Amino acid sequence: AKDLAAFSDYYGIPQANLKITWPGTTRPPVYNDWLTEEALDIEWAHAMAPQAKLFLVVSTLENTDPTWQAVELAGKLVAANGGGVVSMSWGDPEVAQEISWDKYFTRPGVVYFAASGDSGIGVSSYPTASPNVVSVGGTSFNRNASGDFLSEVYGGGGGDISPYEPIPSYQSGISGIVGTHRGYPDVASDYCCAGVYLQGGW
């Protein structure tokens, strides 16, 4: 919260409407390895939508990831406040069991975004592989000294064709590229993420 206040002051934007919460009655510990990632996501979410209500959902980690209870709480909070976005910057290698987890990204009025990872193309990752999630990769733009666009270089983000998730209907137009399975990322951002953020990578 202090970092976010300093960020707002520095860039001259209104102070954030931020609530820090967690599932259950006991606040989980702070995981120092995630602090920079959390700050990045929350600060840029606030910069893009200065009047938005932001929630930081703190989660006990399972390995390096938030719990499904934290994912559900994030979606519930967003839906109860008129709808919006849950941003997820965590990911693990895909496993066959993931199809049973796709249900966690279906709350009405909520759009789930997930980072496609930073391991490069050809490295599968979940939850970004879920067909219920907008997968966001990383890209960069080359510009000349005048700021004119020269080219775009996709890189720094992950992406793959899922070995487990079948192709969703919205990708039928690119079946010649992805075949019978979900391809990702869906979009590429200039190395930033935004939205509701779960400690542990959200």
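Residues numbered from 1 in each chain as written. Predicted model: local features only at pLDDT ≥ 70, side-chain atom pairs only at ≥ 80, totals over all residues. Heavy atoms only, no water.

K.L.:
Teacher, can you tell me more about the overall build of the protein here?
P.N.:
Tallying secondary structure elements over the protein gives four helices and 10 strands in all. Of the regular secondary structure in the protein, the N- to C-terminal order runs α-β-α-β-α-β-β-β-β-β-α-β-β-β. Buried residues in the protein amount to 40% of all 202 residues. Taking all contacts inside the protein whose residues are at least 6 apart in sequence as the whole, residues at least 24 apart take part in 70%. Total accessible area on the protein is roughly 10,300 Å²; 55% of this is exposed by carbon and sulfur atoms. (Helix = DSSP H or I, 4+ residues; strand = E, 2+ residues; numbered from the N terminus. Buried < 20%, exposed > 50% of the residue type's maximum accessible area, 1.4 Å probe, protein only. Contact = heavy atoms within 4.5 Å. Areas by Shrake-Rupley, 256 points an atom, 1.4 Å probe, with all protein chains shown as cover.)

K.L.:
Just checking my understanding: could you explain the pattern of salt bridges for this structure?
P.N.:
Any two side chains of opposite charge can pair if their charged atoms end up close together. For the coordinates displayed, the defined rule picks out one salt bridge. One salt bridge connects arginine 182 with aspartate 186, and the closest N-O pair in it is separated by 2.8 Å. A relative accessible area of 32% places aspartate 186 in the partly exposed class. (Salt bridge = Lys/Arg side-chain N within 4 Å of Asp/Glu carboxyl O.)

K.L.:
What should I look at first to understand the pairing of strand β1 (residues 17-21) in this one?
P.N.:
In the case of a regular strand, side chains alternate between the two sheet surfaces. The pairing of β1 with strand β2 (residues 53-57) spans five bridges and is classified as parallel. When the sheet's bridge partners are listed, lysine 19 is paired in β2 with phenylalanine 55. As a crossover connection, the stretch from β1 through helix α2 (residues 35-48) into β2 is left-handed. (Pairing = 2+ DSSP bridges. Right-handed = clockwise from strand over helix to strand, strands pointing away.)

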